[in-house]
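Single-letter residue listing:
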Amino acid sequence: MAKYLLKRSAQILVTLFVFLSLVFFIVNAQPGDVSNFYALNPDVPPETRERLQDLFGVNEPLWKQYLVHLKNTFTGNFGISFSHYPRSVADVIGERLPRTVVLFMTATALSFYLGFGLGKVVAWRRGGWFEYTSTVSGVTLYTVFTPWFGLMMIWLFAFKAGWFPIGKFLDPVLWRDAPIDANSVFTQMIITAFAVSFVVLTVFVITAQKRMSNARIIRIVSMVLATLAVVAVWMSWGTVSYAWDILRHMVLPVATLTLISFAGTMLLTRNSMLETMREDFVMAARAKGLPESAVRDKHVARNALLPVVTSFIFSLAFAVDGGVITESIFSWPGMGQTLVSATLTEDLPLAVGAFVFVGIFVLVAHLVADILYAYLDPRIRY
Amino acid sequence: MATVNAQPAVPSSVWRARLRLASRSVRENWGLFVRTRIGLLGLAIIAMYALLAVAHPVLMSTVWEPRIYDPVIGYAFDETKQPAPPSLKHPLGTDPLGRDILSQLMFSARSEFLLGLLAATVTVVIGTSVGAIAAYFGGWVDTILMRLADIMIMMPAISVLIVLSALIGVEHFELALLIGILSGFGATGVVLKSQALSVVVKPYIDAARSAGGGHFHIILVHIVPNLLPLSFLYMMFTVTSAIFSEAVLSFLGLLNVRMSWGLMIHTTESAGYLLQVAEFWWLIFPASLSITLLCSAFYLVGRSLDEVVNPRLRSR
Amino acid sequence: MTTDPVLAVDDLKMHYVTQAGVVRAVDGVSFSVERGQSLGLVGESGCGKSSIAMTLLKLLPDNARLVAGSIALNGIDLVPLSEDEMRPHRWDRISMVFQAAMNSLDPVYRVGDQIVEALEAHSSSAGRDAMERVRELFDLVSLDPSYILRYPHEYSGGMRQRAIIAMALACEPDIIIADEPTTALDVIVQDHILREMQTIQHSLEMSMIYISHDMAVIAEVCDVVGVMYAGKLVEFGPTADVYARPIHPYTRALMSAFPSVRGEKHELVTLPGEPPNLLDPPGGCAFNPRCAYATDECRTTAPPIVKRGDQWAACWNPSDE
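Residues numbered from 1 in each chain as written. Chains lettered and ligands numbered in written order. Predicted model: local features only at pLDDT ≥ 70, side-chain atom pairs only at ≥ 80, totals over all residues. Heavy atoms only, no water.

Quick notes on the overall build of chain C
Turning to step 1, where the next piece is worked out: The helix and strand inventory of chain C stands at 11 helices and 12 strands.
Turning to step 2, where the next piece is worked out: A principal-axis box enclosing the C-alpha atoms of chain C has dimensions of 65 × 45 × 40 Å.
Turning to step 3, where the next piece is worked out: For chain C, with 321 residues in total, the buried portion stands at 52%.
Turning to step 4, where the next piece is worked out: Sequence separation of at least 24 residues holds for 64% of the intrachain contacts in chain C that already meet a minimum separation of 6.
Turning to step 5, where the next piece is worked out: For chain C, the accessible surface area stands at approximately 14,200 Å², while carbon and sulfur atoms represent 51% of it.
Turning to step 6, where the next piece is worked out: Charged side chains of chain C number 26 positive and 44 negative; the gap between the two group centres comes to 2 Å. (Helix = DSSP H or I, 4+ residues; strand = E, 2+ residues; numbered from the N terminus. Buried < 20%, exposed > 50% of the residue type's maximum accessible area, 1.4 Å probe, protein only. Contact = heavy atoms within 4.5 Å. Areas by Shrake-Rupley, 256 points an atom, 1.4 Å probe, with all protein chains shown as cover. Lys, Arg positive; Asp, Glu negative; His and termini not counted. Charge placed at Lys NZ, Arg CZ, Asp CG, Glu CD.)

See the structure below:
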C-alpha cells in the first residue's frame, strides 16, 4: 500500500509540474506581458506596477521567468488582484478555497451515496419500465444544461416558494451588525463538521473491526453524544443564527450539484452491479444461504463499488467543472465563481491564480480518491 | 523484395473483405441497438434537430424575410413590444433585441452539429492514433502517452477554456480542437489503448510482422480498423461534451460566437429576464431544452452503442 | 445401506426458457444417495451435470423453470419451498464445493470472515465461537491457521480449493455437492485434495455428490456412478460394476476416451461428434446420432431400462459382454 501511494503521489507531483508549465505556456502565449493588463487599470499606481514586473520577472529571459513562475506558485505568490485591489490574489483565494471545498465535498458525498444506493436498486430490478425510466431520467440529469437546471432550482425554490435565499453566500442585512466575520463562522462550521465526521467514522470502524455484539447501541449513543457536544459548543460560541444563514445559502447549490452528479454514479453502479452479479462468488454467497439483501449489499454492491470509484476518479475533473458552473449560477463565492468573474473582468492574476488552484484541487482530490480506492481494494492494500 | 511488391495489393482486398464483414455486422448490431430502445430515442432527437438545421437556410431563402428573421441582425418590425410572446409569425416569440427565437434556434443547431462533428473527429483521430501507437510499441512510448493521458484526464476542460477565453479569445474552432485534444489524448486514448492491446496480441499481427509489414502499415491496416467501433462510441460522448461546453461558455459570455443556444440564454440574462421564467418562458426554455435534449440524445446513442459493443451488459 | 436415503431425487426436470426456445437441461433424472455414500455424475460438458447441482440447491437463474419432480432432502421435498423457506436448508444441510474455486471466494473479504458469514447465517454462534470453528475447519483441511485473516488473492490455487472445502464443511451438512472440485488444479494437488476429501467424508459420515467430466476422478472417489447424456441419466450403478462392464455405448465411449492407469492397455478412442443441442435433442435415444450401434428404434422411441444387478442403463442395444 505504501509503495502504491508513494508511486501515485510521485505521479501526481509530476502531473502538477506539467500542469504548471502548461499554465506558464498559456499565459505567455498571448502578446505582451502580464503587467500590460495592470497598465490598463487606473487603480494600479505605477510603483505597484513596477513591483509586479519584478515579481513576475517580465524583463528576464523566458527560462528565468519560468523558474520565477514555479517559485511564485509554490510560495503562493500570485500578485495583486485588481478587481479586488489592493488585496493579493493569495488572500482572495485563501478566503474562497474553503467555500469551494465544503460545497464540493458535501455535494460529492451526497451524490455518491444517492447514486450508489439508487444504482443498486436499479440493477436488482433489471428490465421493465423502472429501469427504462430511471435510465432516461438519469441520462437527462447527467447531461442537463447545468445553468438552466440551477436557474430552475432558484426560480422554483427561492423565487417562487421563497424557502431559500437567491444565491450568494450570506444575507448582508443580517450580517451588518454581526460581532464576528463570515469567514470565522465558516471556519467554526468546517471544524465542527470535520470533528463530528471523524468521531462518527472512528466509532463505526472500531465497532466493525472488533466484532462487538452491541455495535448498534454504541453507534447510536456516540452519535447522540456528538450531537449534544455540537449543540453545547455552538451555544457557547453564540453564532448559531449566522451559521444557519450560511447553511441556508448552501442548500440550493449543494442540491443542484448533487442532482447533476448523482446520475453518473447511478448509471455506472447499475452497469457495474450487472457485471458483478455474474461472478461465481455471488452464486457462492447465495448457496451459503445468505438473505438476498446480504448478497446484494455485502457481496455484489461491495465489489461493484470498485469500478465505480475508479470511474469516479476519472471524472473528477468533470465534477469540478460542474462545481465551477454551479458556483457562478448561485454566485457562491468560491474558486469557480472567482475564476469566471476574474475572467470576465480581465483580472488576469486572479484568473490564473484561481485556475492553478482549481488544478491543484483536482490533483489533491485525485490523490484522496486514490487512497480511498486503495483502502477499498485489498488486492492493492496488501 | 517479393513482399514489398505484394503489399499494395493486400490493403485493398483486406479492406474489401472487411467492408463486407462490416456491412453484415452492422445489420446484426442494428438489431441489438434497436432492442436497447434508448438508442432509438436518441436517434429520433438527433434527426429532429438535424432537420431543423437543414431547414433553416431553406426557410431563410423562401418564406422568412432576412430583414426580420435573420438570427443575428434581424428585427421583428411586425411586433410592437420586444420580447414578443409566440405568435403565428414568430412561433417561439422574439428575444429582448427583437430577433426571432425559432430562427436563432434553427440557425444554432447547425453550428452545434458542426462543432460536435469537428470535436468528435479530432478526438477519434488522436485517440485512435494514441491507442494504437501506445499498444503497438509499448515501452517508453506507452509510458509517455499514458502519463500524458493522466494529465489530460485531470484537466477540468471548462475551467481551461474559461482561462483560455480570457487570454486568447476562443471561438468554435478552438473550442472543438481543445475538447478533441483533451479527450483524444485523455480518456478516449486510454480506452482505445486497452482495446488495441487485445488486438496486438492476436496472431495475425505477428504474421503481418513476419511477412515484413512496416510498423505504420500494421497499425493502419490491422489495428486501427479494430478500434473503429469503440472509437465511434466515444465520438458520441465527445459530441455531448463539446455541445455542453459550448453552451456553458457562451452562456457565461466568454465565447466569440455570433449566435448559439448558450448565447441566447446569455442575452436573456443580460436583459434581466432570467428569473421571469413563467412570464417569458420562450426566452429560456427553447434554448435550454435544446441543449439538454441534444446532449442527452448523443449520450443515449453512445450508451446503447456501449451495450452493443460490450456484451457483458447485454441482458440474457 | 438400508436406511432412508439422505437425498432422493425423483423425475427431476429443469428447463431454461431462452429466446431460441426451451432448453431441457435436466430432463427426468432420478437417483438417491445414502448416508456416507458418494455418488459420481459424469458426462461431457453441456450434458446437464452442473445444472443438476444448481437445481439441487435451487440456485437457478431467472430463466430457469423447475418443471417437475421432487428433491427429498432427509425426507423434506425442496421443490415446493419458497426462497425464504429454502434458505435455512442451503449450506446447513446441503452445501457445495464450486467449480471455479478461484472465483468463488469474494476478493474483498478475508477468507475466515467468509466462513464465519456462512456460520452466522445458520446458527447463533457468532463472534469468538465462530472463529474457533474456523480454526478447526482450517485444521481439518490442513490449511495454515495464520491464513484465516488473509485475503483470497494471497492464497495459491490449491489453498483456495481447500478453503472452499473448509467453507462447505462449516455447518456439517448432510451432503456436499462437489462440482468439478479439482479440474483447475495441477495433477499432484488434485490427488492430494481428492484423498483428503475422501478421508474427511469418511470420518464425518457425510454423503457426497462428485460432478466431473473426468472418469478417473470419479473412479477414485465414488461408490456409485451415474452417466449423464443430454440431461438424462443413461447408466447408473456401483462404480466397480459400471467401470468393469459398461452397458451403454456412451459409457463405453467415455471409458475408452480416457487412459486407465491400472487396467489393460487399449487404444484411446475419441468420441466423434458433439453433445446434442438441448434446444432440439434428437428423437428416441438422444445419443443415436453418435452411436455406432444405432438402429431405427433408437431414432424413434425412447429406450427401455436394462437391469443387471444393481446396475441399469437406458438402451435399445445394451452390451451383454
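Additional details are given in the paragraphs that follow.
With respect to the interface of chain A and chain B
Turning to step 1, where the next piece is worked out: The interface of chain A with chain B comprises 54 residues on the first partner and 52 residues on the second.
Turning to step 2, where the next piece is worked out: Together, the buried faces of chain A and chain B total about 4,900 Å²; carbon and sulfur atoms form 76% of this surface.
Turning to step 3, where the next piece is worked out: The interface formed by chain A and chain B holds zero salt bridges in total.
Turning to step 4, where the next piece is worked out: Remark: the boundary between chain A and chain B carries six residue pairs in polar contact (both at pLDDT 80 or more).
Turning to step 5, where the next piece is worked out: Considered class by class, the residues forming the side of chain A that touches chain B number 36 nonpolar, 12 polar and six charged. (Buried area = accessible area lost by both parts, 1.4 Å probe. Salt bridge = Lys/Arg side-chain N within 4 Å of Asp/Glu carboxyl O. Polar contact = N/O pair within 3.5 Å; in protein donor to acceptor, adjacent residues only side chain to side chain. Nonpolar A, V, L, I, M, F, W, Y, C, P; charged D, E, K, R; others polar.)

What to know about the side chain of Arg302(A)
Turning to step 1, where the next piece is worked out: As for its position among the elements, Arg302(A) is in helix H13 (residues 292–314).
Turning to step 2, where the next piece is worked out: One buried charge, Arg302(A), has no salt-bridge partner; the nearest side chain with opposite charge is Asp377(A), at 7.0 Å.
Turning to step 3, where the next piece is worked out: A polar atom in the side chain of Arg302(A) sits 2.8 Å from the backbone oxygen of Leu376(A).
Turning to step 4, where the next piece is worked out: Contact partners of Arg302(A), with chain neighbours within four places excluded, come to Asp297(A), Leu376(A), Val108(C) and Tyr109(C).

Section: the sheet that holds strand S5 (residues 76–77) of chain C
Residue and element names in this part refer to chain C.
Turning to step 1, where the next piece is worked out: Sheet architecture is open: four strands sit in the order S2-S1-S4-S5, paired in antiparallel fashion. Edge strands, defined here as strands with exactly one partner in the open sheet, are strand S2 (21–33) and S5.
Turning to step 2, where the next piece is worked out: As judged from the 10 bridges shared by strand S1 (residues 7–18) and S2, these two strands associate in the antiparallel manner. Along S2, the bridge assignment pairs tyrosine 16 with valine 23.
Turning to step 3, where the next piece is worked out: Docked against the sheet, helix H1 (residues 49–56) engages S1, S2 and strand S4 (64–73), running at close to 110° with respect to S1. (Pairing = 2+ DSSP bridges. Axes fitted to C-alpha atoms, helices over the stretch in contact; angles between N-to-C directions.)

Thoughts on the packing of helix H12 (residues 280–287) of chain A against H13(A)
For any two helices packed against each other, the geometry comes down to the angle between their axes and how far apart the axes lie.
Residues and elements named next belong to chain A.
Turning to step 1, where the next piece is worked out: Direction vectors running N to C along H12 and H13 enclose 160°, while the axes themselves pass 10 Å from each other. Comparing the axis directions of H12 and H13 gives the class roughly antiparallel. The crossing of H12 and H13 is right-handed. Only Glu292, Val295, His299, Val300 and Asn303 of H13 make contact with H12, whose side of the interface consists of Phe281, Val282, Ala285 and Arg286.
Turning to step 2, where the next piece is worked out: Across the contact of H12 with H13, the residue classes tally to five nonpolar, two polar and two charged. (Parallel < 35°, antiparallel > 145°, perpendicular 65-115°, else oblique. Left-handed = near helix turned anticlockwise from the far one by under 90°.)

Let's talk about the packing of aromatic side chains
Two descriptors summarise a pair of aromatic rings, namely the distance from one centre to the other and the angle between the planes of the rings.
Turning to step 1, where the next piece is worked out: If you walk through the whole model with that rule in mind, you get 29 aromatic pairs over all chains.
Turning to step 2, where the next piece is worked out: Each ring, one from Phe113(B) and one from Phe298(B), has its centre 6.2 Å from the other, and the planes form 70°; the classification is edge-to-face. Placement of the pair is Phe113(B) in helix H5 (residues 101–137) and Phe298(B) in helix H13 (residues 281–309), with a sequence separation of 185 residues.
Turning to step 3, where the next piece is worked out: Of the aromatic side chains, those joined through ring pairs into one cluster are Tyr142(A), Phe318(A), Tyr234(B), Phe237(B) and Tyr299(B).
Turning to step 4, where the next piece is worked out: In this arrangement the basic side chain of Arg99(A) is found over the ring face of Phe169(A), its NZ or CZ atom lying 4.0 Å from the centre.
Turning to step 5, where the next piece is worked out: The ring of Tyr147(C) carries Arg150(C) above its face, with NZ or CZ at 4.4 Å from the centroid. (Phe/Tyr/Trp six-rings, centres within 6.5 Å; stacked < 30°, edge-to-face > 60°. Lys NZ or Arg CZ within 6 Å of the ring centre and 35° of its normal.)

Notes on the confidence of the model for chain B
All names here are of chain B.
Turning to step 1, where the next piece is worked out: Considering every residue of chain B, the mean pLDDT works out to 85; 93% of them sit at 70 or more.
Turning to step 2, where the next piece is worked out: Confidence, expressed as mean pLDDT per element, reaches its minimum in chain B at helix H1 (residues 2–6) with 39 and its maximum at H5 with 93.
Turning to step 3, where the next piece is worked out: Long-range and interchain partners of residues 1–10, a stretch whose pLDDT sits below 50, account for five contacts in this model, where long-range means more than four residues apart. (pLDDT = per-residue confidence, 0-100.)

Here we look at the sheet that holds strand S12 (residues 311–314) of chain C
Residues and elements named next belong to chain C.
Turning to step 1, where the next piece is worked out: One open sheet accounts for eight strands, arranged S6-S7-S8-S3-S9-S10-S12-S11; its pairing is mixed. At either margin of the open sheet sits one strand with a lone partner, and together these are strand S6 (94–97) and strand S11 (305–308). The average undirected angle you get between the axes of adjacent strands in this sheet is 20°.
Turning to step 2, where the next piece is worked out: In the sheet, S11 pairs with S12 via four bridges, with the strands oriented antiparallel. Bridging across to S12, valine 306 finds its partner in alanine 313.

Some details on the pattern of salt bridges
Residue and element names in this part refer to chain A.
Turning to step 1, where the next piece is worked out: Applying the stated criterion across every chain, the model contains 31 salt bridges over all chains.
Turning to step 2, where the next piece is worked out: Between glutamate 95 and arginine 87 there is a salt bridge, with its nearest N and O atoms 3.2 Å apart.
Turning to step 3, where the next piece is worked out: For arginine 87, a relative accessible area of 27% translates into the label partly exposed.
Turning to step 4, where the next piece is worked out: A salt bridge links glutamate 131 to arginine 270; its shortest N-O distance comes to 2.6 Å. Of this pair, glutamate 131 sits in helix H6 (residues 128–143) while arginine 270 sits in helix H11 (residues 240–276); the two residues are 139 residues apart in sequence, bridging distant segments of the chain.
Turning to step 5, where the next piece is worked out: Overall, glutamate 131 belongs to the buried group, its relative accessible area being 9%.
Turning to step 6, where the next piece is worked out: Salt bridges sharing common partners tie together Arg87, Asp91, Glu95, Arg96 and Arg99.

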